[in-house]
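# Coordinate inspection notes
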Amino acid sequence: MAITYTPECRQFKLDAKDTSYIFIERDGFLLHLYWGAKLSDCDCSYMFREQGRAAFSPRMENCGGFILDDVPLEYPAWGRGDMRSPALEVINADGSDICDLRYKCHKIIKGKPRIPGLPSTYVESDDECDTLVVTLRDDVTGVEADLYYCVYGELGVITRYTALRNTGKESVNIAKIASASVDFDNIRYDVISNFGTHCRERNIERTPLHHGDYVMDVRRGASSHVHNPFIILCDHTADETSGNVYGMMLAYSGSFTARASANQFDTARVQIGLNEREFGWKLGSGETFYAPEAIMCCTTKGFDEFSYRLHTLLRTRMCRGKYRDVRRPVLLNSWEACYFSFDVERLKKIGAACADLGFELMVIDDGWFGKRDTDNCSLGDWVVDKKKFPNGLHEISDFLAERGVGLGIWFEPEMISPDSDLYRAHPDWCIHIDGRPRSEGRNQLILDLGRQEVCDYLYDSISAILRDGSIKYVKWDFNRNMTEVGSAALPADRQKETTHRCYLGLYSLLERLTNDYKDVLFESCSGGGGRFDAGMLYYMPQVWTSDNSDAIERLRIQYGTSLCYPMSAMSAHVSASPNHQTAHVTPYETRLTVALTGSFGFELDPTEMPDDERNRVTDSINLFKEYGDVLQKGRYHRLRNPHDETCAAWCTVSHDKKVCIAGYVLTHVRMYGNNERVALRGLEPKAKYKEKFTGAVYTGEQLMNFGFHAPTTLEYRSILCIFEQI
Ligand code: GLA
């Protein structure tokens, strides 16, 4: 069992691989003791040192005299003496905001229960995970919290979530509910997060923890480009290969809050959960509310190991379905090839080229439906545009199928254009507040997926396109954030539930569609990486990483994304040069080297490629067909940081250490610069490796200690090496 309870000292010990997470129960409070390197089973209660630091913080009556503000709490609720950021805040029927949660009971179960209505990690056999459920209760209101701790012993990850139950007679309002909250007994840490924007996602920010709050307060109705739903605390000295790293990620696609606070007694608290200000929920008598899952990972071995654990968990126990474990099909996407200007004849020309070159899928992006020749109309009208496809989509899908290429299409189901038949029929189906203007983003509004009839409409209209099986892939987009948040279907005292209800609706719609169309590969997108989160990965194993397809920019975006997310989840395409977003002119091999790290494809018109590039496409596709399995499932190592250095380098090593694929890109030439060499990680030291393109032979220890020579001249030059054991 990965979980032990020792009654003598009322201690809970959770062992995840080489780490332990420990807390005790005293006077009904769960006191956090330890999260770090694995400890043998023993009484750790000495770790709790009540220091009696009052400093104006009151001592709680009838509870052994704790000064709650001074003790490490496992799930702090607002209203008594803990004045730090609470995990739970409830407004009671009498208007008070006190919730005095005390231990009631606990149970340890094998396996992992599903969280109703929400995406979550799962098990394939009960042996993979043990679950501890601790029930806390406020006797005055009857509010009960079940704290779930799911321990993936082998994978080295613990996940947490809370189920809040109202056993009282009166309704209460949940004002805040964090999915995880962890107290640290000192503040000698850095905090790490992602920040960014559209086309510049997931830069890494690392800053020393400071007194007060470091808060990511994302209330955009999407996990967003601006931050990503995770937060990391680490030693000041932690690097790729050493140091303590503690991370929390939320498996959710909507607004969230992540917070790291350093408090008056130099202790720290880290939390993640639904957004604290946007969210509210009226919990009626007898009802239960489930907070999304938080994925927690701790390692003493630096960021490389941290990423590896999360990658493995997300790739194998968050992603699902037919495409989880298979090399993903190589696709050509029409967006940067033609934008909105296409018809079936143009697509046939591109499709014929796709077939000649060896593509497995061709994707028709935005513009195939309604009367959509630009982005100002038709979202919601998911019917084929007969002007572009007089004989329907079949003409192109049959054309492609005869040539061995599958057809994919783009949808943006959660949106509605004011200029659409759907809006004319149902102007109240969008998120809006009566009597106020409806702000448009990209000329569109957002559908209220909290309403069952909206989800049913979407299911039916998407099914009408997918039902006959000719569509093999769907790109599911979401191109604006939420404003004027309100639902015509909810009473005034439930308006704060609107956003979360939209996500519950989205998740149930996706559950239906992905179950009913198991052969379709779904790819998530939100103006690129505006919803790159574990919640979406539950339904769609890959995400269009960024609308910025420039290889040099992608180095930074992919580097930041790799901190938490597996390479198989990152769609990466070779696009035209000069690049459409940045106008960078980049050699073909560099665009290829960068795109070959993820789920691979092209984002250009193959009929317009220069001959010398087009002649290389088939070899490139074959390379991915041969090594895609290693690239998607192998262990990824970040070797050079393009945010700080004048180059980027990485490698992916197969689990048997027989194959290593390494990439290097020179992003800035320094005159008389270094004799650049790149040392690899994760190889077999004594084994010999032959490099595929040069035939040079190295030992694993040479490659790991000295490395291979990298180019030092010519900006944007790159090198792709494939080392295979001989
Ligand atoms: C978003 C996506 C793009 C493309 C366009 C189409 O911006 O991220 O890849 O699909 O929409 O409108």
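Located above this text is the structure these notes cover.
Conventions and cut-offs
- All chains use their own residue numbering, which begins from 1 and follows the written sequence.
- Reporting of local features is limited, given that this is a predicted model, to residues whose pLDDT is at least 70; pairs of side-chain atoms are given and counted only at 80 or more, and all residues count toward the totals for whole chains, interfaces and linings.
- The basis for the side-chain values is all heavy atoms of the structure; hydrogens and waters are excluded.
- To qualify as a helix, a DSSP run of H or I must reach at least 4 residues; to qualify as a strand, a run of E must reach at least 2; elements of each kind are numbered from the N terminus.
- Accessibility here uses a 1.4 Å probe with only protein chains present; expressed as a share of the type maximum, an area under 20% marks a residue as buried, one over 50% as exposed, and anything in between as partly exposed.
- Throughout, a residue-residue contact means that at least one pair of heavy atoms, one from each residue, lies within 4.5 Å.
- Nearness is defined per residue: one heavy atom within 4 Å of the molecule or strand is enough.
- Any pair of nitrogen or oxygen atoms within 3.5 Å is treated as a polar contact; in protein, a donor-acceptor pairing is required on top of that, and neighbouring residues in sequence qualify only through side-chain atoms on both sides.
- The method behind every accessible area is Shrake-Rupley, applied with a 1.4 Å probe, and residues are considered shielded solely by the protein chains displayed.
- Here the nonpolar group is Ala, Val, Leu, Ile, Met, Phe, Trp, Tyr, Cys and Pro; Asp, Glu, Lys and Arg are the charged ones; every other residue, Gly included, is treated as polar.
- Pairs of strands are assigned from DSSP output, requiring at least two bridges between the strands.
- The axes used here are C-alpha line fits, helices contributing only the stretch in contact, and every angle between their N-to-C directions lies in the interval 0 to 180 degrees.
- What a helix is expected to span follows from its residue count: subtract one and scale by 1.5 Å.
- A side-chain nitrogen of Lys or Arg and a carboxyl oxygen of Asp or Glu constitute a salt bridge if their distance falls within 4 Å.
- For the purposes of this section, nonpolar cores are sets of buried Ala, Val, Leu, Ile, Met, Phe, Trp, Tyr and Cys residues that join through side-chain atoms within 4.5 Å.
- Each Phe, Tyr or Trp ring (for Trp, its six-membered ring) is paired with any other whose centre lies within 6.5 Å, and the angle between the two planes then decides the class: stacked below 30 degrees, edge-to-face above 60, tilted in between.
- Disulfide assignment relies on a single distance test, namely cysteine sulfur atoms paired within 2.5 Å.

Structurally, Asn 333 is set in strand 21 (residues 331–333). By relative accessible area, which is 1% here, Asn 333 ends up buried. Residues within four places of Asn 333 in sequence aside, it is in contact with Val 363, Asp 365, Lys 475, His 573, Phe 602, Glu 603 and Leu 604.

As a matter of local geometry, the ligand sits amid 13 residues, with Asp 365, Asp 366, Arg 442, Lys 475 and Asp 547 nearest to it. Note that an oxygen atom of the ligand is positioned 3.2 Å from one of the side-chain N or O atoms of Asn 479. Trp 544 is positioned with one of its side-chain polar atoms (N or O) 3.4 Å from an oxygen atom of the ligand. Burial of the ligand by the protein chains amounts to 96% of its free accessible area of 300 Å². A per-class count over the shell around the ligand returns 4 nonpolar, 3 polar and 6 charged.

This next bit is on the sheet that holds strand 36 (residues 697–699). Across the sheet, which stays open at both edges, the 6 strands sit in the order 31-32-33-38-35-36 with antiparallel pairing between neighbours. Each of the sheet's edge strands pairs with one partner strand only, and the pair in question is strand 31 (635–640) and strand 36. Averaged over all pairs of adjacent strands, the angle between strand axes in this sheet comes to 25°, irrespective of strand direction. As paired elements, strand 35 (residues 688–691) and strand 38 (residues 718–725) share 3 bridges and run antiparallel to each other.

Before going further, it helps to spend a moment on helix 3 (residues 344–357). For helix 3, with 14 residues, the first-to-last C-alpha span of 20 Å sits near the 20 Å given by 1.5 Å per residue. Buried residues in helix 3 make contact with strand 21, helix 2 (335–338), strand 22 (361–364), helix 4 (394–402) and helix 11 (611–633).

Going through the model one piece at a time under the given rule, you end up with 68 salt bridges. Note that Arg 442 and Asp 366 form a salt bridge whose closest N and O atoms lie 3.9 Å from each other. Residue Arg 442 is found in the loop between helix 5 (421–425) and strand 25 (445–446), and its partner Asp 366 is found in the loop between strand 22 and helix 4; the two are separated by 76 residues along the sequence. Residue Arg 442 is classed as partly exposed on the basis of its relative accessible area, which comes to 30%. A relative accessible area of 1% places Asp 366 in the buried class. Among the charged side chains, a network of salt bridges with common partners joins Asp 18, Glu 240, Lys 301, Asp 304, Glu 305, Arg 309, Arg 635, Arg 638 and Arg 681.

Okay, the nonpolar core next. Nonpolar side chains tend to gather and get buried jointly when the protein is soluble and globular. Ile 364, Trp 368 and Ile 396 are the most contacted members of the largest nonpolar core, which has 196 residues in total. Looking at this core, the element that brings in the most residues is strand 8 (residues 143–152), giving 8 residues. Membership of the second largest hydrophobic core comes to 19 residues, among which are Cys 647, Cys 651, Leu 666 and Leu 683.

This part covers the packing of aromatic side chains. The geometry of two aromatic rings is summed up by the distance between their centres and the angle between their planes. Applying the stated criterion to the full structure yields 39 aromatic pairs. On the numbers, 5.0 Å between centres and 25° between planes, the contact of Phe 12 with Phe 23 is stacked. With a gap of 11 residues between them, Phe 12 in strand 2 (residues 11–16) and Phe 23 in strand 3 (residues 19–26) connect regions that are remote in the sequence. Like Phe 12, the residue Phe 23 is buried in the burial classification. Consider the rings of Tyr 21 and Trp 35, whose centres lie 5.6 Å apart with planes at 75°: the pair is edge-to-face.

A few words now on the state of the cysteines. Cysteine pairs can be covalently joined through their sulfur atoms, and such a bond is termed a disulfide. For the coordinates displayed, the defined rule picks out 0 disulfides. Take Cys 105: it sits in no disulfide, and the sulfur closest to it among the cysteines is that of Cys 99, at 15 Å. Free cysteine Cys 298: the closest other cysteine sulfur is in Cys 297, separated by 7.2 Å.

Let us now look at the side chain of His 432. Turning to its location among the elements, His 432 is positioned in the loop between helix 5 and strand 25. Of the polar contacts made by the side chain of His 432, one reaches the backbone oxygen of Cys 430; its length is 2.7 Å. At 3.2 Å, the side chain of His 432 forms a polar contact with the side chain of Asp 434. Leave out the neighbours within four places in its chain, and His 432 touches Pro 427, Arg 438, Glu 484, Gly 486, Ser 487 and Ala 488.

Here we take up the pairing of strand 3. Strand 3 sits mainly inside the fold: 8 of its 8 residues count as buried. Across 6 bridges, the pairing between strand 2 and strand 3 is antiparallel. Bridging across to strand 3, Ala 16 finds its partner in Thr 19. In this antiparallel pair of consecutive strands, strand 2 and strand 3, the connection spans 2 residues, and Lys 17 shows a positive phi of 55°.

This brings us to helix 6 (residues 452–466). Taking 1.5 Å per residue, 15 residues should reach 21 Å; helix 6 reaches 21 Å between its end C-alpha atoms and fits that length. Buried residues of helix 6: Val 454, Cys 455, Leu 458, Tyr 459, Ser 461, Ile 462, Ser 463, Ile 465 and Leu 466, and no others. Residues of helix 6 that are buried sit in contact with strand 23 (406–411), strand 26 (471–476), helix 7 (498–516) and strand 27 (521–524).

Our focus in this paragraph is the environment of Ala 488. Looking at the secondary structure, you find Ala 488 in the loop between strand 26 and helix 7. Along the chain, Ala 488 and Gly 196 lie 292 residues apart, while their C-alpha atoms are 33 Å from each other. Discounting chain neighbours no more than four positions away, the residues touching Ala 488 are Asp 428, His 432, Asp 448 and Arg 451.

This next bit is on the pairing of strand 33 (residues 659–666). Successive residues of a regular strand alternate their side chains across the two faces of the sheet. The element strand 33 is extensively covered by neighbouring structure, given that 8 of its 8 residues are classed as buried. Burial along strand 33 is two-sided: the residues Val 659, Ile 661, Gly 663 and Val 665 and Cys 660, Ala 662, Tyr 664 and Leu 666 are all buried. Taken together, the 7 bridges between strand 32 (residues 647–653) and strand 33 define a ladder with antiparallel strand orientation. Along strand 33, the bridge assignment pairs Ala 649 with Tyr 664. Hairpin connection between strand 32 and strand 33: a loop of 5 residues separates the two successive antiparallel strands, and Lys 657 in this loop has a positive phi of roughly 65°. Pairing between strand 33 and strand 38: 7 bridges, direction antiparallel. Directly across from Val 659, in strand 38, lies its bridge partner Glu 724.

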